[in-house]
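Each chain, letter by letter, is given below.
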Amino acid sequence: MSNYNEELLCYILGSCRELVIRFDEKGCINYANDSTLKLTGYEADELRDTYIGEHFTDVFCMKEGKVSLADEYEEGKIIETVLYRKNKTCFPVELNVINISNEERELFLCVALDVTLYKDSLQKNKEIMQMAKDSMKARDEFVANVTHELRTPVNGIKGHADLLMEDERDIQKLGYLKMIHNCCITMEGIINNILDFSKLESGKFQIEEAPFSFRELMEQQQALFTTLAAGKGLKFSLNIAPNVPNQLIGDSLRITQVLNNLVSNAVKFTEQGHIGIEVVKNAQLDGEVELFFVVADTGIGLSEEDKDKIFNSFTQADASITRRFGGTGLGLSITKDLVQLMNGNIWVEGEVGKGSTFSFTIRLKTVEEEAEQEEEPANIVWKNLELRREKQTEQMPEYVFGTALNELEIRRNFEKVNIAMDMQCWQKAETSMDILKQLLSGGSDELRKQTFRMAMAVRKANYEKFREEAAVVREIMTRDWYEINPDQAAKTEE
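In this report, we go over the structure that sits alongside the text. (Residues numbered from 1 in each chain as written. Predicted model: local features only at pLDDT ≥ 70, side-chain atom pairs only at ≥ 80, totals over all residues. Heavy atoms only, no water.)

The biggest cluster of nonpolar side chains holds 47 residues, and the ones touching the most others in it are Phe214, Leu259, Ile277, Leu291 and Phe360. Those residues within four positions of Ile277 in sequence are excluded, and the remaining contacts are Met218, Phe225, Phe236, Ser237, Leu238, Asn239, Leu259, Val263, Val294, Val295 and Phe452. Counting residues in hydrophobic clusters, the runner-up holds 23 residues, among them Leu19, Leu37, Tyr42 and Phe108. (Core = buried A, V, L, I, M, F, W, Y, C linked by side-chain atoms within 4.5 Å. Buried < 20%, exposed > 50% of the residue type's maximum accessible area, 1.4 Å probe, protein only. Contact = heavy atoms within 4.5 Å.)

So, in structure tokens, the structure goes:
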């Protein structure tokens, strides 16, 4: 190699941040760059002609008078080892050995990277992770102990209040006892939310799978929610699509918890009007069914900004809500986590002063017998149409969906709703809407879902929203009509 090339190579290697050491076939070092000298504490003359294996112990060995890598290492692959300083201390490096031999000489390069900071960072991260785990464990134990300790006095107070209410005849004192009883129920809800939140955070929350009757479950919830809504003078309605399977496998307790959270919130934030639940089947395939739930109210509603943060932990739509209505801000966060654990998603729609609509999906396993009966997605299921029409015929024989008379009555009631809303006769609008909903109930699940949205717009006295939803309903209704009456569709095209 010419002197010029030698000097150029030394200049380039000298400016590298990596540690570069060159040695010959005997393992004798003949060059080390500035980074190597700086980190090891050697002078260039001190390091020259020393054996490479003295600085990287256990990496090199002599075979037949020539330096070689130890058996466990391969040339061209990164080696994790340590480099010894002049003072016999060492630091971790990642080493790569490169053969740069030519016809004149047999030479090798050691290129090493100081990974001290990286290793220290890994160790610190490991320690931080362990501290976080220990902290979470201590927190979980604390939450479990505190919630247990709180439950005992709350249950005691509630039990004694119940006993006193049985014998109390003084109306004023009875009112005080009911207040104590209600406060205990509120406290129980807060304790349960904190415990559930802690379990969800730590990943210890488990979704159970057990067979249950979906309609029995919803009937129980309907009785509870009707009473809850009536306590504030509100109406409650439940509508389940006919093709929703009854025998399902899943965590019925957590489904109840999700609905309880959403309906309780709806009741809390609604002063007058209506709260409704609609359940339809989105799809059914391979022994699973996806159910779509809609929980709508005519309450205080939500702004666009509130929609983005409402599912966050310890967050409510407005700080004033906590002062006015109470609560920890955990209910919807827990609801979202539970829905996701059941392989679903949750959404919210609403406007300030015009109510809110929470929609969510969950997936449940179906019992084999029912799974065999229904195979197609809900949007295109016409397999059981005749059964639904027979059921509808028993109630309204002359108005079966798909008949000319049915279509005529639908148009008439659309006009009645429009006129009633124009005149702000909300009670008449709701009455006509109830008839319209029944007339449309024999259509597809997509039509039923959209009809429910339209009905909620009427209940919220939102005329603009009603017109938007009604346009979509008419479009789906026409498509369903042609599915049932292909001959009529052909005539129309002609």
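From this point, the narrative continues.
Bringing the pattern of salt bridges into the picture now. Under the definition given, this model contains 15 salt bridges. In this structure, Arg48 engages Asp45 in a salt bridge whose closest nitrogen and oxygen atoms are separated by 3.0 Å. Measuring nitrogen to oxygen at the nearest pair gives 3.4 Å for the salt bridge that ties Arg363 to Glu290. Within this pair, whereas Arg363 is found in strand β14 (residues 356-366), its partner Glu290 is found in strand β12 (residues 288-297), the two being separated by 73 residues in sequence. Judged by its relative accessible area of 42%, Arg363 falls in the partly exposed class. (Salt bridge = Lys/Arg side-chain N within 4 Å of Asp/Glu carboxyl O. Helix = DSSP H or I, 4+ residues; strand = E, 2+ residues; numbered from the N terminus.)

This part is about unusual backbone geometry. The backbone phi angle of Asp49 is positive, close to 70 degrees, even though this residue is not glycine. The topology assignment puts Asp49 in the loop between α3 (44-47) and α4 (52-55). We note that Asp58 has phi near 70 degrees; this positive angle belongs to a residue other than glycine. Inspection of the secondary structure assignment puts Asp58 in the loop between α4 and β3 (60-63). In this structure Asp58 comes out as exposed when scored by relative accessible area, which is 61%.

Under the counting rule described, the total for this entry stands at six aromatic pairs. Note on Phe23 and Phe60: the rings are 5.5 Å apart at their centroids and 80 degrees apart in plane angle, and the pair reads as edge-to-face. Of this pair, Phe23 sits in strand β1 (residues 19-24) while Phe60 is found in strand β3, placing the two residues 37 residues apart along the sequence. The same class applies to Phe23 as to Phe60, namely buried. Here the aromatic rings of Phe293 and Phe360 are separated by 4.6 Å at their centres, their planes lie at 5 degrees, and the arrangement is stacked. Here the residue Phe293 occupies a position in strand β12, and Phe360 occupies one in strand β14, the gap between them amounting to 67 residues. Neither Phe293 nor Phe360 differs from the other in exposure class; each is buried. (Phe/Tyr/Trp six-rings, centres within 6.5 Å; stacked < 30°, edge-to-face > 60°.)

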